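Observations on the three-dimensional arrangement
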Amino acid sequence: MHDDEQDDAFIHHVELWMDDLVTAEGQWGPVLVALGCVPFQHWEHGRSWRRGGSYVVIEQSPDLRAGGHDRLRAGINHLAVRGERDAVVAAALPAGWSMRTDTGQAVHLVDGQGFELEVVYG
């Protein structure tokens, strides 16, 4: 990775707090790798994967409030990325994701904790 690639990234990182880190790692890891990300950081309460100058963090923080994620409440509704549909779906479904919809331009996947990932491919 070139330094200018890191400096020019629009999004530095996105951090998603999860109720269950083990489940999240098992679901998000294969999908992020299918999207071209590489494992970046690994610590007691979290993991991250990087692509270019941006990275995605999943964390089960000790400060997490109980209640779970609800994409229909205030907060993040979904994360949208560009990627190769077939590779992502092939990684996601066996890892426990469900397909919410496929518009012909983007596939919307939902993980076991209710987080939605939109993969724009068209």
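The coordinates are above.
Along each chain, numbering runs from 1 in the same order as the chain's sequence is written. It should be noted that, the model being predicted, local features are given only for residues of pLDDT at least 70 and side-chain atom pairs only at 80 or more, the latter also being counted only at that level, while totals for whole chains, interfaces and linings use all residues. Hydrogens and water molecules were not included; the side-chain quantities draw on all heavy atoms of the structure.

By definition, two strands form a pair when at least two bridges between them are found by DSSP. A run of DSSP states H or I qualifies as a helix once it reaches four residues; a run of E qualifies as a strand once it reaches two. Both are numbered from the N-terminal end. In the sheet, strand 2 (residues 38-43) pairs with strand 3 (residues 46-51) via five bridges, with the strands oriented antiparallel. Note on strand 3: the bridge partner recorded for Trp43 is Gly46. Hairpin connection, strand 2 to strand 3: the antiparallel pair is bridged by two residues. Pairing of strand 3 with strand 4 (residues 54-59) involves six bridges; the strand directions are antiparallel. Residue pairing in the sheet places Arg50 in a bridge with Tyr55 of strand 4. In sequence, strand 3 turns back onto strand 4 through a hairpin of two residues, with Gly52 there showing a positive phi of about 60 degrees.

Hydrogen bonds between backbone atoms are what pair the strands of a sheet, whose relative direction is either parallel or antiparallel. Strand order in the open sheet formed by four strands is 1-4-3-2, with mixed pairing between adjacent strands. Sheet topology places strand 1 (13-17) and strand 2 at the edges, where each strand pairs with a single neighbour. Each adjacent strand pair in this sheet contributes to an overall mean axis angle of 15 degrees, direction not counted. Looking at chain direction, strand 1 and strand 4 are connected through five bridges and run parallel. Of the residues in strand 4, the one forming a bridge with His13 is Tyr55. Should any heavy atoms of two residues lie within 4.5 Å, those residues are considered in contact. Here an axis means a line fitted to C-alpha atoms, over the contact stretch when the element is a helix, while the angle between two N-to-C directions is reported on a 0 to 180 degree scale. Along the sheet, helix 2 (residues 21-34) makes contact with strand 1, strand 2, strand 3 and strand 4, crossing strand 3 at roughly 10 degrees.

Stacked, tilted and edge-to-face are the three classes applied to pairs of Phe, Tyr and Trp rings, where Trp contributes its six-membered ring and a pair requires centres within 6.5 Å; stacked means planes under 30 degrees apart, edge-to-face means over 60, and tilted covers the rest. For the coordinates displayed, the defined rule picks out two aromatic pairs. Between Trp28 and Trp97, the aromatic rings sit 5.0 Å apart at their centres with planes inclined by 65 degrees, giving edge-to-face as the arrangement. With Trp28 in helix 2 and Trp97 in the loop between helix 3 (85-92) and strand 6 (98-102), this residue pair connects regions lying 69 residues apart in the sequence. A 1.4 Å probe rolled over the protein chains alone gives each residue an accessible area, and that area as a share of the maximum for its type sets the label: buried under 20%, exposed over 50%, partly exposed in between. Trp28 gets classed as buried once you look at its relative accessible area, which sits at 0%. Relative to Tyr55, the ring of Phe40 lies with its centre 5.0 Å away and its plane at 65 degrees, an arrangement referred to as edge-to-face. Here the residue Phe40 occupies a position in strand 2, and Tyr55 occupies one in strand 4, the gap between them amounting to 15 residues. A residue is classified by how much of its surface remains accessible, and Phe40, at 32% relative accessible area, is partly exposed. The class of Tyr55 is buried, set by a relative accessible area of 15%.

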